[in-house]
Amino acid sequence: MTAERQGDAFENLLHEERRFPPSEAFAANAVAQPSLYDEAREQGTEFWARQARELLTWDQDFTETLDWSDAPFAKWFVGGTVNAAYNALDRHVEAGLGDRVAIHFEGEPGDTRTITYAELTREVKKAANAFESLGVAKGDRVAVYLPMIPEAVVTMLACARIGAVHSVVFGGFSADALRSRIDDAEAKLVVTSDGTYRRGKPSPLKPAVDGALEKEGHTVTSVVVVRRNNEPVEWTEGRDTWWHDVVDGAPEEHVAVAHDSEHPLFILYTSGTTGKPKGILHTTGGYLTQTAFTHRNTFDLRPETDVFWCTADIGWVTGHSYVTYAPLVNGATQLMYEGTPDTPHQGRWWELIEKYRVSILYTAPTAIRTFMKWGRDIPQKYDLSSIRVLGSVGEPINPEAWMWYREVIGGGQAPIVDTWWQTETGAHMIAPMPGVTATKPGSAQVAVPGIAVDVVDEMGVSVPDGSGGYLVIREPWPAMLRGIWGDPQRFKDTYWSRFDDMYFAGDGAKKDSDGDIWLLGRVDDVMNISGHRLSTTEIESALVSHPSVAEAAVVGASDETTGEAVVAFVILRGSAKDDDDIVTTLRNHVGKEIGPIAKPRNILVVPELPKTRSGKIMRRLLKDVAEGREVGDATTLSDPTIMQQIAVSLRK
Ligand code: PRX
């Protein structure tokens, strides 16, 4: 879909007249003041050098802020050495903050753990020793397949401590998806758990790891298993070890050796426009600087008094940047919740906010829309007066959801910060500053200080206010991805070849008459389902890998709750029957190949797919069908009657 076309659908949004400036009291005391923008503008990259020195403790100071001589491969804070785990843990304990709560953990069944900075530091040191005893060394890759439990954070930081590179795989991905990520990263160790809890019942995880490692030819030598739900598990002697056997008794002392600023911190796989997920590579110094900076400024963080809650799973970048790294580097107290929002009742989140006095809530529009559907009387039963800042991430937030969020959850007071960023950008790139920006429902508005965001036309020329185009980033930024694991050419092709010298984000955007930015969704074959990224090609490949399917085309159709939903059109092979069973079979097949999140909402069996004369599937027309619209211009089809045939077959 072109940015233009998306723009039309959002035209009415741009006439949004409502403005919500911060209260005088909020503005006067805010962490981020208007001067921050001036400083960033005046100082250029030196602005980031200052932030890096202020926010992090460097073992060895850097000698150069940015080396862009080998663009698009950036080096930030050259010559500096730093340890991520030391910055997230030890230094707070050394500063006398060991008794501060780092994590309030609440399990889905209601079990709780309160973990101070001193305790978390001890756990991470023990885990670092344990991983080293299993042969993991600096530079080795560790796959992490865990639920939202403290051990997930401990594992990531233990890897960072020893310089091992973690690759977290979301627990909702299947054994096959896990295996392909393990293979691509050549992981040596996998850390998992027996399982977790989902909607009041134990839900397994270990079987997916067993399934992933069933076939020979992988690089994994050890699997460490956290006991979480006490369900029986299969055991492979010589490969599997319980966490409590290897970590609990490990030595409590571990020295954090500083790593080069550009030492790889993690790989995180995300969907692109082709079938194969990309391993996005992040390194240490720049990533930590920008995540800590944005966490402090975008959320107006007061580490001494705030209770921060980012509801994202650690399987996504939001969980990396705003659960594991930034809150701990900033010495904040956070809440971590294992389960779903409706277990055991639909007020669980609000109950947790009341219980822990959460003051900053960071979540996704899809969750907000779900709560809207459940009704405002549910949150209204709880005391949410502790909330003072609300964040949104993952997809455009529609103005209705924005207003509901502000009024019902934020008491009509708390500023909303809509944060645009990506796995690739590592940290917030577009977001209001809560004490400075007069917020607008539906718009992420302005670039973060120090970030050069623009909207350009097909030719790469900056569009005037009131026009739309492609979102780009004009200058390198500290938390930018450093590449795609093992595929430098794909890194260049994907992000740096569409426009000269600019990072192409893959999103359509518009500038309104004030110059504020509105995000309009992807302009490529990437879908956004409940804020999760999936590629149409990836699901098409999964569908055609089933023996009954001859051909498949997938589109993202707009959906009231999930933002977009997966709709698949399939042509069956001659022998396959078109009935309910085949649809169920294919949905489950996609679940097995990729994971439950990728299961299509609808699978429509069709006789043909609309193709251009050069054989390209016209997804635009399928999207019209999927969204129940009149089908658009079909004159470039090789067979113009196909859309009619599809319509007839769907009526059947
Ligand atoms: O399309 C944009 C959308 O999510 C994409 C990035 O997805 P992912 O790498 O999974 O990271 C999600 C969490 C940072 C973007 O290309 N997106 C993310 N945040 C927003 C958004 N779209 C509109 N508004 C946002 N605030």
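- The name recorded for the protein chain in an unreviewed UniProt entry is Acetyl-coenzyme A synthetase, from Arthrobacter agilis.
- Taken verbatim from the UniProt record of the protein chain, the Cofactor (unreviewed entry) comment is "Mg(2+)".
- Taken directly from UniProt, the Sequence similarities (unreviewed entry) text for the protein chain runs: "Belongs to the ATP-dependent AMP-binding enzyme family."

Section: the overall build of the protein chain
- From N to C terminus, the protein chain includes 20 helices and 30 strands.
- A globule of 652 residues ought to have a C-alpha radius of gyration of about 26 Å, and the protein chain, at 24 Å, matches this closely.
- Summarising its shape, the C-alpha atoms of the protein chain cover approximately 75 × 60 × 55 Å along the three principal directions.
- Residues counted as buried form 61% of the 652 residues belonging to the protein chain.
- Taking all contacts inside the protein chain whose residues are at least 6 apart in sequence as the whole, residues at least 24 apart take part in 71%.
- Counting only carbon and sulfur atoms, one obtains 49% of the accessible surface of the protein chain, whose full area is about 24,400 Å².
- Of the side-chain charges in the protein chain, 65 are positive and 92 negative, and the distance between the mean point of each set is 3 Å.

Topic: unusual backbone geometry
- That bond from alanine 71 to proline 72 is cis: its omega, 5°, falls within 30 degrees of zero.
- Looking at where proline 72 falls in the secondary structure, it is placed in the loop between β1 (64-67) and β2 (75-78).
- Following threonine 343, the chain continues into proline 344 via a peptide bond in cis, with omega recorded as -5°.
- Along the chain, proline 344 falls in the loop between β17 (333-337) and α13 (348-356).
- Despite not being glycine, asparagine 230 has its phi angle at roughly 60°, a positive value.
- In this structure, asparagine 230 sits in the loop between β11 (222-226) and β12 (240-242).
- If you check the backbone angles, serine 530 has positive phi at about 50° while not being a glycine.
- Note that serine 530 resides in the loop between β26 (526-529) and β27 (532-535).
- Residue class for serine 530 comes out partly exposed when judged on its relative accessible area of 21%.

Looking at the nonpolar core
- In terms of nonpolar packing, the biggest core is built from 115 residues, with Phe131, Trp243, Tyr322, Tyr325, Trp420, Ile430 and Leu471 touching the most fellow members.
- The element contributing the most residues to this core is helix α7 (residues 150-162), with nine residues.
- Look past the residues within four positions of leucine 471 in its chain and what remains in contact with it is Trp420, Ile430, Val453, Asp454, Val455, Tyr503, Phe504, Ala505, Asp507, Ala509, Ile517 and Leu519.
- Counting 42 residues, the second largest nonpolar core, distinct from the first, contains Ala175, Ala208, Trp316 and Val549.

As for the pattern of salt bridges
- As enumerated under the stated definition, the model contains 49 salt bridges in all.
- Across the pair glutamate 551 and lysine 611 runs a salt bridge, and its minimum N-O distance is 2.5 Å. With glutamate 551 in strand β28 (residues 549-559) and lysine 611 in the loop between β30 (602-605) and α19 (619-626), this residue pair connects regions lying 60 residues apart in the sequence.
- Glutamate 551 sits in the partly exposed class, given a relative accessible area of 27%.

With respect to the pairing of strand β29 (residues 563-572)
- Along β29, nine of the 10 residues are buried, which leaves the element largely enclosed by surrounding structure.
- Bridge analysis of β28 against β29 gives 10 bridges, and the strand direction is antiparallel. The residue of β29 that forms the bridge with glutamate 551 is isoleucine 571.
- What sits between β28 and β29 in their antiparallel hairpin is a turn of three residues.
- Following the backbone out of β29, through helix α18 (residues 580-593) and into the adjacent parallel β30, one traces a crossover that is right-handed.

Brief notes about the packing of aromatic side chains
- Tallied over the full model, the rule gives 37 aromatic pairs.
- Seen in terms of ring centroids, phenylalanine 371 and tryptophan 374 are 5.5 Å apart; in terms of plane orientation they differ by 70°. Their pairing is edge-to-face. Remark: tryptophan 374 and phenylalanine 371 occur in helix α14 (residues 365-374); sequence separation between them is three residues, near one turn of the helix.
- Residue phenylalanine 371 is classed as buried on the basis of its relative accessible area, which comes to 4%.
- Cluster of aromatic residues (ring-pair linked, three or more members): Trp68, Phe73, Trp477, Phe491, Tyr495, Trp496 and Tyr503.
- In this structure, arginine 181 is placed above the aromatic ring of phenylalanine 173, and the distance from its NZ or CZ to the ring centre is 4.4 Å.

The rules behind these values
Residues numbered from 1 in each chain as written. Predicted model: local features only at pLDDT ≥ 70, side-chain atom pairs only at ≥ 80, totals over all residues. Heavy atoms only, no water. UniProt positions renumbered as here; feature names shortened; annotations may be inferred. Helix = DSSP H or I, 4+ residues; strand = E, 2+ residues; numbered from the N terminus. Rg over C-alpha atoms; globule rule 2.2 N^0.38 Å. Buried < 20%, exposed > 50% of the residue type's maximum accessible area, 1.4 Å probe, protein only. Contact = heavy atoms within 4.5 Å. Areas by Shrake-Rupley, 256 points an atom, 1.4 Å probe, with all protein chains shown as cover. Lys, Arg positive; Asp, Glu negative; His and termini not counted. Charge placed at Lys NZ, Arg CZ, Asp CG, Glu CD. Core = buried A, V, L, I, M, F, W, Y, C linked by side-chain atoms within 4.5 Å. Salt bridge = Lys/Arg side-chain N within 4 Å of Asp/Glu carboxyl O. Pairing = 2+ DSSP bridges. Right-handed = clockwise from strand over helix to strand, strands pointing away. Phe/Tyr/Trp six-rings, centres within 6.5 Å; stacked < 30°, edge-to-face > 60°. Lys NZ or Arg CZ within 6 Å of the ring centre and 35° of its normal.

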